[in-house]
Amino acid sequence: MTGAELTIDLLAKHGVKEVFGYPGGAIMPIYDALYGSPVKHYLTRHEQGAGFAAVGYARSTGKLGVCFATSGPGATNLITALADAMMDSVPLLAITGQVPTAAIGSDAFQEVDVLGMSLSCTKHSYMVERAEDLAEILQEAMHLAQSGRPGPVLVDIPKDIQMGAVTYQPWLAADDYKPEFKQSELAKANELLSQAKKPLAYIGGGVQMADAQDELMQFLKTTNMPAVSTLKALGSVKPDYPYDLGMLGMHGGQAANLAVQECDLLVCIGARFDDRVTGNLAKFASKAKVIHLDVDAAEVGKRKPVNASLVADLKDSLPHLATHKTNPEWLAHISNMQQQHAWRYDYPGEKVYAPYLLNRLSQLMPNNGVVCCDVGQHQMWVAQHMKFSHPSNHLSSGGAGTMGFGLPAAIGAQIARPNDFVLTVSGDGSIMMNIQELATIRRNNLPVKLLILDNQRLGMVRQWQQLFFDGRYSETNLSDNPDFVQLAAVFGIPGETITHANQVDAAIDKLVASEGPYILHACIDDKENVWPLVPPGAANDQMLTEVAK
Amino acid sequence: MKHNLSIEVKQQSIALERFLRVTRHRGFNLTSMNIESSEEKYIVNMMVDSDRPIYLLTQQLKKLVEVNQVEILDTRTLAATN
């Protein structure tokens, strides 16, 4: 058996059915082993597309995502997807070809020190130096990517090791990383819970990673504790929970941000006090004691001091939290704030109003559909105005904020969940970042739906230029965009353009009813901004709302 | 504040770069370092300097797959002589 055959064989043994990638010189033996193998390979049209398709595959299922690239530029093109997976804790295995062992360090054709480049954007990485290590490294890599706090793992395999003879040795998988919380910390946490008058749950992406949605809902329903969510956590709190305040942070809802500033106990469940969440950290939840639950000990106290911490898998720690007595005054106040600051969709203009469009689409699209998005204003509108029943139905590049994420992520999600409705919402800026993946949709006839909210601007940057840079609109005008419907048509994808509010409902019906891939190109007001907004450096209760256009 | 750390690392070619990268990125300056290697591991003694609390570094180092053990040596004495 060759190293390449062993690589494919181990993936299949591990249950990997689909991989994404792009061939090239130094990974040809692996592509040769793929030929006719039970592992199905999806060719993307750029290695970054393969990386994000694998991320979409992983995030929409909780399974390992796998991507391949060749040495040099192939591998460097994967780096952004690795960084994205690192920031959002996505279980990803990247296998890259490398020049033959004897050529390493000679500046050979397509040689890049990928192991060196991987250090800051992977959970762990390997270069296989000896053929006899290959089996153990691959098995350990798949295990590491998925255990504890998940993350991307890279295995760089020189071509001679792919071609050389190897023997398969089953590797006894190490136990999963499962830290146990301290009983003394649990006692402290439960004491804090019993004393709290205004407790608030702050939910993060860790809930999905730990598959702990049931445990979370059990805790919330028993305590009636109001909940705020990070971008990545959206969908963790079931939409029918009455005290769900939605997203907090820079573009969070007013009720969510005000509740954080008023609470006297913040129960952080698998979140990390990201700067886009906290605003001015010193003023974030400044009246609150903090309980932090996380599987990663390094997150505890990293940005905000805590009063008690449970370092463990959330599935194990959440059921041990005490259920305190509900404070009716606090809940009444929360309900009032929910009503007072509810989103409004009665937009007076004749133009397409993106929040209305997204909210209506959210109501009309099939249950358990997946919504992917890119990065910018449309991404925040999706987070604000669409509802999700599970975080695996909302794929948004959170920590890294990578434009170009949405289209390839949707491809990965559609391949992972062929029977589910998969939509990607993009902007006219972001969509051009991985537009070549329309060819992947066509090649595989994937029924991915594409909604482009087109303001002919790099809208989020334009918004900041308007608010914080004296209206000096440097390099954000994209009024020379191509005709997106024509562009999609070249790839065999039908669709339409709308420009007026009175076209929205019918256009949504058409998009939802379309059987194959479809594009809805919605032209929106270029001066529309995302509100509310916590300005940089401000506390979260200092939200800006609508200003004159 | 200066801290003296003793770190046991598996002897793998990339291991030293990996923990030095984390040390720099998390905001700690390396002021001295000594490495001893045996068959399977490196024992690294290093002095780092930062305004940030040392647990922010040690918790990150402990997460690295190649790092077997991280120990903080004699913090108080070093702080007093700093």
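Before any of the text, the structure's been laid out above.
Just so it is clear, the structure is predicted and the values come from calculations on it, not from any experiment.

About the criteria used
Residues numbered from 1 in each chain as written. Chains lettered and ligands numbered in written order. Predicted model: local features only at pLDDT ≥ 70, side-chain atom pairs only at ≥ 80, totals over all residues. Heavy atoms only, no water. Phe/Tyr/Trp six-rings, centres within 6.5 Å; stacked < 30°, edge-to-face > 60°. Helix = DSSP H or I, 4+ residues; strand = E, 2+ residues; numbered from the N terminus. Buried < 20%, exposed > 50% of the residue type's maximum accessible area, 1.4 Å probe, protein only. Lys NZ or Arg CZ within 6 Å of the ring centre and 35° of its normal. Contact = heavy atoms within 4.5 Å. Buried area = accessible area lost by both parts, 1.4 Å probe. Salt bridge = Lys/Arg side-chain N within 4 Å of Asp/Glu carboxyl O. Polar contact = N/O pair within 3.5 Å; in protein donor to acceptor, adjacent residues only side chain to side chain. Nonpolar A, V, L, I, M, F, W, Y, C, P; charged D, E, K, R; others polar. Pairing = 2+ DSSP bridges. Axes fitted to C-alpha atoms, helices over the stretch in contact; angles between N-to-C directions.

Chemist: Looking at this model, I keep getting lost on the packing of aromatic side chains. Mind explaining?
Modeler: The way to describe two aromatic rings as a pair is by their centre distance and the angle between their planes. All names here are of chain A. According to the stated counting rule, one finds 10 aromatic pairs over all chains in the structure shown. Aromatic pair Phe-273 and Phe-284: ring centres 6.1 Å apart, planes at 90°, arrangement edge-to-face. Taken as a pair, Phe-273 in the loop between β10 (265-269) and α12 (275-278) and Phe-284 in the loop between α12 and β11 (289-294) lie far apart in primary sequence, 11 residues in all. Assessed through its relative accessible area of 2%, Phe-273 is described here as buried. The exposure class of Phe-284 is buried, given its relative accessible area of 0%. Measuring from centroid to centroid gives 5.1 Å for Trp-464 and Phe-468, while their planes differ by 75°, and the two rings are edge-to-face. Remark: Phe-468 and Trp-464 occur in helix α19 (residues 459-468); sequence separation between them is 4 residues, near one turn of the helix. Judged by its relative accessible area of 30%, Phe-468 is partly exposed. Linked through ring pairs, Phe-20, Tyr-42 and Tyr-57 together constitute an aromatic cluster. Its end group placed over the ring of Tyr-168, Lys-13 keeps NZ or CZ at 4.5 Å from the ring centre. Positioned over the ring face of Tyr-42 is Lys-40, at 5.0 Å from the centre of the ring.

Chemist: I'm lost on the interface of chain A and chain B in this one. Help?
Modeler: Where interface size is given, it is often the accessible area lost as the parts come together that is meant. Residue-level contacts link 15 residues of chain A with 13 residues of chain B. Between chain A and chain B lies a buried interface of about 1200 Å² when both sides are counted; carbon and sulfur atoms form 57% of it. Of all residues in chain A, Leu-119, His-124 and Ala-298 of chain A give up the largest surface area on contact with chain B, accounting jointly for 42% of the area buried on that side. Put simply, Asp-296 of chain A and Lys-63 of chain B hold a salt bridge, and the shortest N to O gap is 2.6 Å. Connecting chain A to chain B are 5 residue pairs in polar contact (both at pLDDT 80 or more). The class makeup of the residues in the side of chain A that touches chain B is 6 nonpolar, 5 polar and 4 charged.

Chemist: Would you explain the side chain of Ser-71 of chain A in this entry?
Modeler: All names here are of chain A. Structurally, the position occupied by Ser-71 is in the loop between β3 (65-69) and α4 (73-87). There is a polar contact of 2.7 Å between the side chain of Ser-71 and the backbone oxygen of Gln-110. Leave out the neighbours within four places in its chain, and Ser-71 touches Ala-26, Gly-97, Gln-98, Val-99 and Gln-110.

Chemist: So what exactly am I meant to see when it comes to helix α16 (residues 377-385) of chain A here?
Modeler: For an α-helix, 3.6 residues make a turn, and residues three or four places apart therefore share a direction. Burial analysis of α16 of chain A places 9 of its 9 residues in the buried class, which makes it a mostly covered element. Along α16 of chain A, the residues classified as buried are Gln-377, His-378, Gln-379, Met-380, Trp-381, Val-382, Ala-383, Gln-384 and His-385 of chain A.

Chemist: Explain the sheet that holds strand β9 (residues 244-247) of chain A here, please?
Modeler: The strands making up a sheet are joined through hydrogen bonds of the backbone, oriented either antiparallel or parallel. All names here are of chain A. Pairing within the open sheet is parallel, and its 6 strands lie in the order β9-β8-β7-β10-β11-β12. Pairing within the sheet leaves two strands with one partner each, and these edge strands are β9 and β12 (308-311). Each strand axis lies, on average, 15° off the axis of its neighbour in the sheet, ignoring direction. Sheet topology note: the strand β8 (residues 227-229)/β9 ladder contains 2 bridges and is parallel. Across the sheet, Ser-229 pairs through a bridge with Met-247, a residue of β9. On top of the sheet, helix α11 (residues 254-262) reaches β7 (199-203), β8 and β9; it is set at about 105° to β9, its chief contact.

By themselves, these observations are geometric and do not establish any function.
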